[in-house]
Amino acid sequence: MSQTAEIFDMSALPKATNPIQRVVGARTEHAGATLSILPFESRRGPDLVDWIKATQKLGQIARLQRGWNGTKGAPPDSHTIFFAAQELAGLEKLGVPAPTINPSADGAVYADWHMMGLDIEIIFEAPYKVTVLIEDARQIVPSFAGEDVDLKIALEALRALCAR
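All values reported here derive from a predicted model rather than from experimental measurement.

A. The nonpolar core, seen in detail. The biggest cluster of nonpolar side chains holds 30 residues, and the ones touching the most others in it are Leu88, Trp113, Ile122 and Phe124. The greatest single-element share of this core, amounting to 6 residues, is contributed by helix 3 (residues 78–93). Not counting residues up to four positions away in its chain, the partners in contact with Ile122 are Leu91, Val109, Tyr110, Ala111, Trp113, Val130, Thr131, Val132, Leu151 and Ala154.

Next comes the structure, spelled out in structure tokens:
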């Protein structure tokens with residue numbers, strides 16, 4: 001099954017009650033846009049809003065232009081955005097809380113969780129080039145800084161976060 005990234009207008013979100021109806025028919029690009037890759041049917045409650053905000057941020061990052069940060073900021077390429085969206089969709093399906101999503105000036109996409117004494121950062125530098133940083137104030141989860149293409153190390157840290 002092939003997935004494609006489409007950008008949807010999410011401005012009507014707070015008014016709608018059915019997550020699928022929120023997307024259908026509202027297909028224009030603007031600052032509140034989101035990638036439609038992440039599945040809506042599995043999200044419930046407060047996590048729904050957080051994941052929608054995360055996908056909106058990915059949609060905004062997908063439209064960045066060179067110099068987006070006022071200097072020489074490089075926008076992430078579409079392949080990196082798509083790869084990040086696919087990997088985040090997998091984490092969302094597992095019930096992981098939504099991350100904060102941000103671009104970096106070098107063209108990477110950052111997904112990070114900073115809560116309950118655990119800091120987890122997943123840096124999508126390119127498709128299949130992923131760096132993970134983990135620090136635990138409680139020193140239960142081992143610290144890590146390095147490549148984690150299949151996200152196994154990050155997933156273990158995220159499971160520990162969900163268990164706290």
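B. Examining unusual backbone geometry more closely. One non-glycine residue with positive phi stands out, namely Gln139, at about 55°. Looking at the element boundaries, Gln139 is found in the loop between strand 6 (129–136) and strand 7 (144–147). Judged by its relative accessible area of 72%, Gln139 falls in the exposed class. Notably, Leu151 is not glycine yet its phi reads approximately 60°, a positive angle. Topologically, Leu151 is positioned in the loop between strand 7 and helix 4 (152–163). Since its relative accessible area comes to 4%, Leu151 is described here as buried.

C. Just the pairing of strand 3 (residues 100–103), in detail. Residues Ile101 and Pro103 point to one face of strand 3 and are all buried, whereas Thr100 and Asn102, pointing to the other face, are not buried. Here 4 bridges tie strand 3 to strand 4 (residues 109–115), and the two strands are oriented antiparallel to one another. Bridge pairing links Thr100 to Asp112 in strand 4. Connecting strand 3 to the antiparallel partner strand 4 that follows it, the hairpin turn spans 5 residues, and Gly107 within it adopts a positive phi of roughly 95°.

D. Structural detail: the environment of Leu118. Along the polypeptide, Leu118 turns up in strand 5 (residues 118–126). As for Leu118 and Ile134, which are separated by 16 residues in sequence, their C-alpha atoms are 7.5 Å apart. Each residue touching Leu118, except ones within four places of it in the same chain, is listed here: Trp113, Ile134, Glu135, Asp136, Val141, Ala157, Ala160, Leu161 and Arg164.

Reading the values: rules and limits
Residues numbered from 1 in each chain as written. Predicted model: local features only at pLDDT ≥ 70, side-chain atom pairs only at ≥ 80, totals over all residues. Heavy atoms only, no water. Core = buried A, V, L, I, M, F, W, Y, C linked by side-chain atoms within 4.5 Å. Buried < 20%, exposed > 50% of the residue type's maximum accessible area, 1.4 Å probe, protein only. Helix = DSSP H or I, 4+ residues; strand = E, 2+ residues; numbered from the N terminus. Contact = heavy atoms within 4.5 Å. Pairing = 2+ DSSP bridges.

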